[in-house]
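One letter stands for each residue in the lines below.
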Amino acid sequence: MLLPLPRNITERIPQELMEHIIDFLALDFASLRRCALVCRAWYHHSQTLLYCRVQIVGRSGYDAVARFALQSPRTKRYLAFTRILCLATAHKDQALPRAQRNCFQVVPLTLGGSLPNLQCIGFFNCLFPPYNASFVSLMSRFTEVVHLVLHRFEVCSFVDLRRIICSFLKLRELHLGHGSLTCAGSPFSVTNLFSRPVDPRIVKLTLTFLDLNLLPPLASWISWTDVCKEVTNLAFTVNNIDSDGIYFERIMRTLGPSLTSVIFNASSFRQGKYDYRRICRIIAPYAYPRIYISLSADAGNLLDPLAYCTSLVDVDLTLHPTTVSWGAVVSALRETLAHLSATIRTISLQLILLEAGYSILDAPPRPDSDFGTIDLQPLHDIMTSSRFDSL
């Protein structure tokens, strides 16, 4: 058993050192609560870290936070340190009618003035009609937000979604996932833009499994406004390759020249399970221009948007051919390299030769008999082009 240090030593430990040690528990909320009860010297810093991230789940959680924020001066003081606010519908409330569980629409009104330093706000399965018009207009009370997450959301019109996004003038990172519109409404028009003296400038954009009635106006808005002109990191995931791929290409045509990081997932689903045989994945780390491609042989024209990415330098290729032949591997590699338009410095190649559903032990062998008949000249011609001179 470890014995505590003598008092003559602990009294000489600077408070700054104690707080630095407590900082390592920033994500361990249970330990932070214990630290807050140790002594008065630890209380303030522990409470500050506890309130740095506030998660409100369900109506009971919202009522508790709203009550303390309005009635307790001490709680209101610590809410000023909040940087991250997550709002989510409780699992037990899923069966309730929407009118009984959309309490989060009053968050901008009740908490907007209590969170002056909020930088990240996320709505998880709690944004849906009916909501009051003041919910959209009062989102601007969160003046320091740079990261917005809307996950499993539904809005009445694209105008509402656009006004929510543009309410955060300092917004830099936007994540939209599993979203839809209540009604498609009229087509998006540049003459109907929501004008502001200053618009946010997004640099990181994530679009995941958006409904088909939301993608067209969103793609038009991205193409026709300056909000996303400085995006360097794009992540795009679609449900249906054939219907949604056209909007990815439209977005890439606009954002491609500035992108240094791209993720594209186009997948199909069979019997509720992910079909690994139809995947096109493009990903790049954020440190420097790099692209990572996981490509099936049937990706087809999904690779066309790669031609717009002119700022890429390093390429990592992971090829997962759908047919059991080396010809499919060479074909997929040639097609991928043909769509690259940037000056490439390095290429790393990885082959996944396992069929979906097979383990490494029972996977069928790949025949080598057809390798000698493969024409490598088209691949050689591509590799001798000027964009690979620095390879």
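All of these numbers come straight from a predicted model, not from anything done at the bench.

Quick look at the overall build of the chain
Point 1. In terms of helices and strands, the chain carries 14 helices and 14 strands.
Point 2. Here the chain, with 391 residues, has 44% of them falling under the buried criterion.
Point 3. Counting contacts in the chain only where the partners sit at least 6 residues apart, residues at least 24 apart contribute 77% of the total.
Point 4. Of the roughly 20,000 Å² of accessible surface on the chain, 57% is carried by carbon and sulfur atoms.

Some details on the side chain of Asn233
Point 1. Looking at where Asn233 falls in the secondary structure, it is placed in strand 7 (residues 233-238).
Point 2. Looking at Asn233, its side chain comes within polar contact range of the side chain of Thr232, at 3.0 Å.

Let's talk about the pairing of strand 5 (residues 173-181)
Point 1. Where strand 4 (residues 147-155) lies against strand 5, eight bridges are found, and the strand directions are parallel. Opposite Val149, over in strand 5, you have His175 as the bridge partner.
Point 2. You can see the chain leave strand 4, run along helix 10 (residues 158-166) and come back into strand 5, and the turn it takes is right-handed.
Point 3. Where strand 5 meets strand 6 (residues 204-208), five bridges bridge the pair, whose relative direction is parallel. Bridge pairing in strand 6 links Leu176 to Leu207.

Description of the layout of surface pockets
Point 1. Put simply, the largest pocket is a space of about 290 Å³.
Point 2. Surrounding the largest pocket, Phe29, Arg33, Gln47, Leu50, Tyr51, Arg53, Val54, Gln55, Val65, Phe68, Thr75 and Leu79 form its lining.
Point 3. Looking at the lining of the largest pocket, the elements with two or more residues in it are helix 3 (29-36), helix 4 (40-50), strand 1 (53-57), helix 5 (58-71) and helix 6 (73-79).
Point 4. Ranked by residues supplied to the lining of the largest pocket, first place goes to strand 1 with three residues.
Point 5. Residue classes in the lining of the largest pocket are distributed as seven nonpolar, three polar and two charged.

Some thoughts on the packing of aromatic side chains
Point 1. Summed over all chains, the structure comprises eight aromatic pairs.
Point 2. Look at Tyr62 and Phe104: their rings are 6.3 Å apart centre to centre, the planes differ by 70°, and that puts the pair in the edge-to-face class. In this pair, Tyr62 is assigned in helix 5 and Phe104 in the loop between helix 7 (98-101) and helix 8 (107-111), connecting sequence segments 42 residues apart. Like Phe104, Tyr62 is buried.
Point 3. Centre to centre, the rings of Tyr78 and Phe81 are 6.3 Å apart; their planes meet at 40°, and the pair counts as tilted.
Point 4. When its relative accessible area of 29% is taken as the criterion, Phe81 is described as partly exposed.
Point 5. Linked through ring pairs, Tyr43, Tyr51, Tyr78 and Phe81 together constitute an aromatic cluster.
Point 6. Directly above the ring of Tyr78 sits Arg77, whose terminal nitrogen or CZ lies 4.9 Å from the centroid.

Some remarks on the pattern of salt bridges
Point 1. With the rule as written, the count across this model stands at one salt bridge.
Point 2. Lys170 is paired through a salt bridge with Glu144; the nearest N and O atoms lie 2.9 Å apart. Placement of the pair is Lys170 in the loop between helix 10 and strand 5 and Glu144 in the loop between helix 9 (133-137) and strand 4, with a sequence separation of 26 residues.
Point 3. Owing to a relative accessible area of 38%, Lys170 belongs among the partly exposed residues under this scheme.
Point 4. Among the residues examined, Glu144 registers a relative accessible area of 27% and is labelled partly exposed.

Some details on the pairing of strand 6
Point 1. Summarising burial for strand 6: four of the five residues are buried, a large majority.
Point 2. One ladder, built from five bridges, connects strand 6 with strand 7; its direction is parallel. By the bridge assignment, Leu207 is partnered in strand 7 with Phe236.
Point 3. On the question of chirality, the crossover connecting strand 6 to the parallel strand 7 by way of helix 11 (residues 215-224) is right-handed.

Brief notes about helix 5
Point 1. A rise of 1.5 Å per residue sets the reference length of helix 5, with its 14 residues, at 20 Å; its end C-alpha atoms lie 20 Å apart and thus fit the reference within 8%.
Point 2. Regarding helix 5, the residues found buried are Gly58, Gly61, Tyr62, Ala66 and Ala69. The buried residues of helix 5 all sit within an arc of 125° when viewed along its axis, so they share a single face.
Point 3. For helix 5, the secondary structure elements touched by its buried residues are strand 1, helix 6, strand 2 (84-88) and helix 8.

Comments concerning helix 11
Point 1. Counting buried positions over the 10 residues of helix 11 gives eight, a clear majority of the element.
Point 2. The set of residues buried in helix 11 consists of Leu215, Pro217, Leu218, Ala219, Ser220, Trp221, Ile222 and Ser223.

Comments concerning unusual backbone geometry
Point 1. Here the amide bond leading from Pro129 into Pro130 is cis, since omega sits at 0°, within 30 degrees of zero.
Point 2. With respect to the helices and strands, the residue Pro130 is situated in the loop between strand 3 (120-124) and helix 9.
Point 3. With phi around 50°, His178 is a residue other than glycine that occupies positive phi space.
Point 4. Topologically, His178 is positioned in strand 5.

Basis of the calculations
Residues numbered from 1 in each chain as written. Predicted model: local features only at pLDDT ≥ 70, side-chain atom pairs only at ≥ 80, totals over all residues. Heavy atoms only, no water. Helix = DSSP H or I, 4+ residues; strand = E, 2+ residues; numbered from the N terminus. Buried < 20%, exposed > 50% of the residue type's maximum accessible area, 1.4 Å probe, protein only. Contact = heavy atoms within 4.5 Å. Areas by Shrake-Rupley, 256 points an atom, 1.4 Å probe, with all protein chains shown as cover. Polar contact = N/O pair within 3.5 Å; in protein donor to acceptor, adjacent residues only side chain to side chain. Pairing = 2+ DSSP bridges. Right-handed = clockwise from strand over helix to strand, strands pointing away. 1 Å grid on protein atoms, 1.4 Å probe; cavity = no way out; pocket = protein on both sides within 12 Å on 5 of 7 lines; lining within 4 Å. Points joined across faces, edges and corners; volume = space filled by probe spheres on them. Nonpolar A, V, L, I, M, F, W, Y, C, P; charged D, E, K, R; others polar. Phe/Tyr/Trp six-rings, centres within 6.5 Å; stacked < 30°, edge-to-face > 60°. Lys NZ or Arg CZ within 6 Å of the ring centre and 35° of its normal. Salt bridge = Lys/Arg side-chain N within 4 Å of Asp/Glu carboxyl O. Expected span 1.5 Å × (residues − 1). Arc of directions from axis to C-beta.

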